[in-house]
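# Fold and geometry: a report
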Amino acid sequence: MIYFLPNERREKWVARLAGEFNLFLPVQIEGKIHWQKYDKGNFAIDQLALSEIRAAEPIKAFLYRPREVVATFPKPIDPAQEMSALLFGVKGCDLRGLDVHRKMFLEGEFRDPFYTRRLENTILVAADCPMPRESCFCNLVGLNPFVNRGVDLSITTFDDGWVIEAVSDRGEKLANSAKDLFVPAGEHHRARREEQRQKALGILEAQNSKKWNPELSRAIAEKTSDRSFWKKAGEDCVECFGCLMTCPTCFCFLLYDQAKAKTGADVNQFERTKVWDACYMAMYARVGGGANPRPEFVQRFINRFHCKFMHFMNQHGFYACSGCGRCFTACMGKIDIRNILGQL
Amino acid sequence: MAAEVRHSLSEKTNPYKPVLVRVERVTVENDSGDLKSFDLSFINEEERFSFVPGQFAFLSVPGVGEAPFGIASAPEERLMKFTVKRVGSVTTALHELEEGAVIGVRGPCGNHYPFDKMRGKDVVIVSGGFSFTTLRATIAHLLTPANRPAYGKITAVYGARSPGELLYKEELRTWEKGSDIDLVLCVDRACGFDWPATEGLVPNILKQTAPDSANAIALVCGPPIMIYYTHPVLKELGFKPEQIFLSLENRMKCGIGKCGHCNIGPKYVCKDGPVFSYQELQGLPEEY
């Protein structure tokens with residue numbers, strides 16, 4: 001079903017959602033978009049940056065925490081059930097991260113129970129990107145600046161209100177509970193939405209007019225042995241790992257153990273913590289005995305391109321890249337993967 | 001074979017959480033004292049897991065950390081054995097353990113040696129140094145009276161730097177005397193000892209032993225230098241890439257194909273390995 005929410009009712013709906021869920025939304029702070037927890041006393045609907053592009057932080061941080069305790073022993077402690085989270089204003093590019101993490105954490109022989117539980121308890125409300133920025137290239141990785149799958153509700157913003165589509169059963173229930181605020185939308189709303197979406201796509205097509213090699217995976221494979229190409233491409237890297245830490249699709253992690261407390265009752269209780277890792281780190285694949293399969297930076301640089309654009313495509317049929325542009329926005333050396341991939 | 005494996009790591013349990021085991025026996029394996037074997041029993045019998053030789057598991061010392069090790073015992077043995085070389089913080093903490101200590105184990109992880117392919121064939125085992133662990137498990141498994149008739153001739157070439165560095169010496173002596181396995185032991189330097197009798201490097205001794213490749217599978221595990229010089233010998237003996245299986249050791253954290261650390265190209269050593277055929281490895285980058 002598709003609905004319309006007039007401007008003057010938006011604040012009421014958002015406040016109502018915040019009463020039911022842990023509500024996170026994108027707001028503009030000093031010219032940048034950041035996720036923020038809804039704070040009733042300090043929130044005005046005008047702060048909501050729903051029509052902007054994705055936030056600085058990838059939504060993976062909500063589902064796959066930068067740091068979390070995944071086991072305690074010898075006494076097992078069941079992590080307390082968290083209140084359901086609602087991410088309000090998820091973008092088309094954010095969903096690629098979810099797709100990659102679903103493949104990594106939910107498929108195969110073992111499921112990650114932490115990711116499973118968080119995903120089940122997270123409601124996703126998407127919002128179109130009517131005005132893509134220069135850093136956006138989601139169209140090159142097979143995505144759109146709008147969402148009509150994989151979320152619960154999808155919002156398209158207009159001057160006079162929001163067109164809202166219920167995409168899942170859960171979304172339909174949410175819409176039903178807002179029947180007093182929503183107005184049923186008709187064909188002309190769909191037409192308006194379509195027009196705006198095509199306009200956004202047009203902006204993306206124009207700024208990313210040079211298409212990547214349709215056989216990109218093979219092109220990367222063939223270019224692998226040309227070390228001078230990759231050395232030049234990565235020569236400005238200072239190995240800060242900002243690109244990987246802000247990447248919505250990166251999934252690597254480290255596990256480490258420590259005592260729960262240095263003194264007292266918990267001194268013999270241990271915690272195993274999972275923390276994001278980065279494959280650019282020199283020590284990333286080094287084994288206890290000292291051997292390192294990728295000692296040179298160029299090997300680790302190539303490995304990143306292989307992982308995202310070759311292996312993931314070959315195994316799962318899509319790139320492990322969302323086209324969000326966070327990697328080169330964060331990069332101190334201004335290494336733009338669009339330029340590298342465009343040469344292949 | 002794989003269907004027999006019952007995992008302690010399942011969706012219902014937490015795959016990051018170890019189960020508790022007790023150290024029943026600690027054995028110093030070599031003269032330098034940096035190799036110790038730990039025989040472990042499960043504290044809760046219902047947490048016991050089965051495995052197939054070639055698989056590995058993580059041992060964790062509470063508060064220090066965990067590291068992956070090949071399982072050195074056969075599934076038929078009551079206690080689960082791990083042999084650990086002291087190299088870093090976790091292995092040092094393991095070496096300091098005494099009998100009775102309680103530690104964690106998480107596994108079994110990875111694939112195993114190709115017993116389905118080995119059935120009815122000769123088995124050639126080539127190993128050097130302390131990586132003999134999962135091959136000790138393999139030999140013990142193959143030599144179990146119930147299993148032995150299913151395989152042809154079993155030949156093993158196992159070498160170490162010096163006699164004192166050979167693992168599981170008592171067992172080696174027993175196997176050497178028996179007729180179920182043709183065990184050739186060698187050392188780089190005999191250092192005046194009369195056992196084992198052969199002095200020489202593993203690839204050379206393999207060449208002299210010259211096992212028949214016609215209907216055989218070769219299992220290779222050892223230091224990179226040994227593997228490097230063993231390949232040409234196996235090739236010369238007529239082994240094809242699909243007849244040679246190697247066990248790899250890359251850095252691993254999760255052991256369930258999620259954390260990314262052990263990748264070799266698109267493969268994860270913890271999930272797709274650690275056992276790979278030489279044929280499979282030929283299509284992968286040499287990052288191992």
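If you're wondering where the values come from, they're calculated on a predicted model, not measured in any experiment.

## Digging into the overall build of chain B
Within chain B, the secondary structure is distributed over seven helices and 15 strands. Principal axes of the C-alpha set define a box for chain B whose edges measure 50 × 45 × 35 Å. Relative to its 288 residues, chain B shows a buried fraction of 59%. In the structure as shown, chain B presents an accessible area of about 11700 Å², 49% of it carried by carbon and sulfur atoms. Charge separation in chain B, taken as the distance between the mean sites of 31 positive and 35 negative side-chain charges, equals 3 Å.

## A word on the domain arrangement of chain B
Frequently, the measure chosen for interface size is the accessible area removed from exposure when the parts meet. All names here are of chain B. On domain assignment, one finds that chain B holds domain 1 (2-109) and domain 2 (115-247). Every contact between the two is made by 21 residues of domain 1 and, on the other side, 17 residues of domain 2. The junction of domain 1 with domain 2 conceals about 1400 Å² of combined surface from both sides, 58% of it contributed by carbon and sulfur atoms. Of all residues in domain 1, the largest losses of buried area upon contact with domain 2 belong to Glu29, Pro53 and Glu76, amounting jointly to 31% of the total for that side.

## As for the sheet that holds strand 8 (residues 154-160) of chain B
Residues and elements named next belong to chain B. One open sheet holds the seven strands; their spatial order is 10-9-8-7-11-12-15, and the pairing between them is mixed. The sheet is open, and its two borders are formed by strand 10 (198-199) and strand 15 (275-277), each paired with just one other strand. Both strand 9 (residues 182-187) and strand 10 contribute to a ladder of two bridges, which runs parallel. Within strand 10, the residue paired with Val187 across the bridge is Glu199. Set on the sheet, helix 3 (residues 133-142) makes contact with strand 7 (122-128), strand 8 and strand 11 (216-221); between it and strand 7 the angle comes to about 150°. Against the sheet, helix 5 (residues 202-209) touches strand 7, strand 8, strand 9 and strand 10, its axis set at about 155° to strand 8.

## Digging into the nonpolar core
Grouped burial of nonpolar side chains is what soluble globular proteins tend to show. Membership of the largest hydrophobic core comes to 113 residues, with the highest contact counts inside it found for Trp212, Trp230, Phe301, Phe309, Ile337 and Leu341 of chain A. Tallying contributions element by element places helix 10 (residues 297-316) of chain A first for this core, with eight residues. In terms of domain composition, this core takes at least three residues from each of domain 1 (2-109) and domain 2 (115-247) of chain B.

## Thoughts on the confidence of the model for chain B
Across chain B, pLDDT averages 91, with 96% of residues at or above 70. Confidence drops under pLDDT 50 across residues 1-7 of chain B; counting only partners more than four residues distant or on other chains, this segment forms 20 contacts.

## Regarding the pattern of salt bridges
Residues and elements named next belong to chain A. For the structure on display, the rule yields 34 salt bridges over all chains. Glu165 is the salt-bridge partner of Arg193, the closest N and O atoms lying 2.8 Å from each other. Linking Arg193 in helix 6 (residues 187-207) with Glu165 in strand 8 (residues 161-166), this pair joins segments that are 28 residues apart in sequence. One salt-bridge network, held together by shared partners, links Glu165, Glu187, Arg190 and Arg193.

## A closer look at helix 6 (residues 224-236) of chain B
All names here are of chain B. Taking 1.5 Å of rise per residue, 13 residues should cover 18 Å, and helix 6 covers 19 Å from first to last C-alpha, within 8% of that figure. Roughly 25° is the biggest bend found in helix 6, and it falls at Thr230, with proline Pro232 one to four residues downstream. Where the residues of helix 6 are buried, they touch strand 7, helix 5, strand 11, strand 12 (244-247) and helix 7 (278-282). Backbone geometry just downstream of helix 6 places Gly238 in the positive-phi region, at approximately 100°.

## Some thoughts on the sheet that holds strand 4 (residues 65-70) of chain B
Residues and elements named next belong to chain B. Within the open sheet, the six strands sit side by side as 4-3-6-1-2-5. Their pairing is antiparallel. Of all the strands in the sheet, just strand 4 and strand 5 (80-85) have a single pairing partner and so form its edges. Within this sheet the neighbouring strands show an average axis-to-axis angle of 40°, counted without direction. When strand 1 (residues 19-28) meets strand 6 (residues 102-109), the two strands line up antiparallel, connected through four bridges. When the sheet's bridge partners are listed, Val21 is paired in strand 6 with Ile103.

## Structural notes on the packing of aromatic side chains
Residues and elements named next belong to chain A. Counted by the stated rule, this structure contains 35 aromatic pairs over all chains. With a centroid separation of 5.9 Å and 50° between ring planes, the pair formed by Tyr64 and Trp276 is classed as tilted. Of the two residues, Tyr64 sits in the loop between helix 2 (60-63) and strand 4 (67-73) while Trp276 sits in strand 11 (residues 270-276), which places them 212 residues apart along the sequence. With 5.5 Å between their ring centres and 55° between their planes, Phe309 and Tyr319 make a pair best called tilted. Of this pair, Phe309 sits in helix 10 while Tyr319 sits in the loop between helix 10 and helix 11 (326-330); the two residues are ten residues apart in sequence, bridging distant segments of the chain.

## Let's talk about the interface of chain A and chain B
Between chain A and chain B, the residue contacts involve 39 residues of the former and 34 residues of the latter. A per-residue breakdown of the area chain A buries against chain B is headed by Phe110, Leu255 and Arg272 of chain A, which together make up 20% of the total. For the pair chain A and chain B, the interface holds one salt bridge. Here Glu66 of chain B makes a salt bridge to Arg272 of chain A, at a shortest N to O gap of 2.9 Å.

## With respect to the packing of helix 3 (residues 92-106) of chain A against helix 4 (residues 113-120) of chain A
Residue and element names in this part refer to chain A. At a closest axis distance of 9 Å, the pairing of helix 3 and helix 4 adopts a crossing angle of 135°. Between helix 3 and helix 4, the angle is such that the two are oblique. For the element pair helix 3 and helix 4, the recorded crossing hand is left-handed. Between helix 3 and helix 4, the residues in contact are Leu98, His101, Arg102, Phe105 and Leu106 and Tyr115, Thr116 and Leu119, respectively. Tallied by class, residues from the contact of helix 3 with helix 4 come to five nonpolar, two polar and one charged.

## Re the side chain of Arg338 of chain A
Residues and elements named next belong to chain A. Considering the arrangement of structural elements, one finds Arg338 in helix 12 (residues 337-342). On the basis of relative accessible area, Arg338 is assigned to the buried category, the value being 13%. Within the structure, Arg338 has its side chain in polar contact with the backbone oxygen of Glu134 (distance 2.8 Å). Once residues lying within four places of it in the same chain are set aside, the contact partners of Arg338 are Glu134, Ser135, Cys136, Phe137, Asn208, Trp212 and Phe328.

## Considering a nonpolar patch on the surface
Residues and elements named next belong to chain B. Together, Ile225, Tyr228 and Tyr229 give the surface a local cluster of nonpolar side chains, amounting to about 390 Å² of exposed area. With respect to the helices and strands, Tyr228 occurs in helix 6. Residue Tyr228 is classed as exposed on the basis of its relative accessible area, which comes to 58%.

## A short note on the state of the cysteines
Enumeration over the complete set of coordinates arrives at zero disulfides over all chains. This cysteine, Cys221 of chain B, is not joined by any disulfide, and Cys186 of chain B carries the nearest cysteine sulfur, 15 Å off.

## Structural notes on the packing of helix 7 (residues 216-223) of chain A against helix 10 of chain A
Residue and element names in this part refer to chain A. Taken N-terminus to C-terminus, the directions of helix 7 and helix 10 make an angle of 130°; their axes are 9 Å apart at the nearest point. The orientation of helix 7 relative to helix 10 falls into the category oblique. Relative to helix 10, helix 7 is oriented so that their crossing is left-handed. Between helix 7 and helix 10, the contacting residues are Leu216, Ser217, Ile220 and Ala221 on the first element and Phe305, His306, Phe309, Met310, Met313 and Asn314 on the second. Split into classes, the residues belonging to the contact of helix 7 with helix 10 amount to seven nonpolar, three polar and no charged.

Parameters and conventions
Chains are numbered independently. Their residues run from 1 in the order of the written sequence. Each chain takes a letter, starting from A, and each ligand takes a number, starting from 1, following the order in which they are written. For this predicted model, a pLDDT threshold of at least 70 governs which residues receive local features, and a threshold of 80 or more governs which side-chain atom pairs are given and counted, while totals over whole chains, interfaces and linings are taken from all residues. As a convention, hydrogens and water are excluded, and side-chain values are obtained from all of the structure's heavy atoms. Secondary structure elements are taken from DSSP: a helix is a run of H or I of four residues or more, a strand is a run of E of two residues or more, and numbering for both begins at the N terminus. Between buried and exposed lies partly exposed: a residue is buried under 20% and exposed over 50% of the maximum accessible area for its type, with that area taken using a 1.4 Å probe on protein chains only. For the area figures, the Shrake-Rupley method with a 1.4 Å probe applies, and any residue is considered shielded solely by the protein chains shown. For the purpose of counting charges, residues Lys and Arg are taken to be positive, whereas Asp and Glu are taken to be negative. His and the chain ends are not included. Charge coordinates come from a single atom per side chain, which is NZ of Lys, CZ of Arg, CG of Asp or CD of Glu. Residue ranges for the domains trace back to a domain assignment, done automatically or taken from a database. Any pair of residues with heavy atoms lying within 4.5 Å of one another is described as a contacting pair. By buried area we mean how much accessible surface two parts lose on assembly, using a 1.4 Å probe and totalling the loss over both. Pairs of strands are assigned from DSSP output, requiring at least two bridges between the strands. To obtain an axis, a line is fitted to C-alpha atoms, over the contacting stretch when the element is a helix, and the angle between two such axes runs from 0 to 180 degrees between their N-to-C directions. Each nonpolar core is a collection of buried residues, namely Ala, Val, Leu, Ile, Met, Phe, Trp, Tyr and Cys, held together in the definition by side-chain atoms within 4.5 Å. Known as pLDDT, the predictor's confidence for each residue is given on a scale from 0 to 100. Here a salt bridge means any side-chain nitrogen of Lys or Arg lying within 4 Å of a carboxyl oxygen belonging to Asp or Glu. Multiplying 1.5 Å by the helix residue count minus one yields the expected span of that helix. The bend at a residue is defined as the angle formed between two axes, one fitted to the seven residues ending at that residue and one fitted to the seven starting there. Between 30 and 60 degrees the pair is tilted, below 30 it is stacked and above 60 it is edge-to-face, where a pair is any two Phe, Tyr or Trp rings, Trp via its six-membered ring, whose centres lie within 6.5 Å. Convention used here: angles under 35 degrees read as roughly parallel, angles over 145 as roughly antiparallel, angles from 65 to 115 as roughly perpendicular, and any remaining angle as oblique. By definition, turning the near helix anticlockwise from the far helix through less than a right angle yields a left-handed crossing, and turning it clockwise yields a right-handed one. For this classification, the nonpolar set comprises Ala, Val, Leu, Ile, Met, Phe, Trp, Tyr, Cys and Pro, the charged set comprises Asp, Glu, Lys and Arg, and every other residue, Gly included, is treated as polar. Polar contact criterion, stated in full: a pair of N or O atoms within 3.5 Å, where within protein one must be able to donate a hydrogen and the other to accept it, and residues adjacent in sequence count only if both atoms are side-chain atoms. Candidates for patches are residues over 30% relative accessible area with no salt bridge; among them, like charges are joined within 9 Å and nonpolar side chains (Val, Leu, Ile, Met, Phe, Trp, Tyr) within 5 Å. The definition used for a disulfide is geometric: two cysteine sulfur atoms within 2.5 Å.

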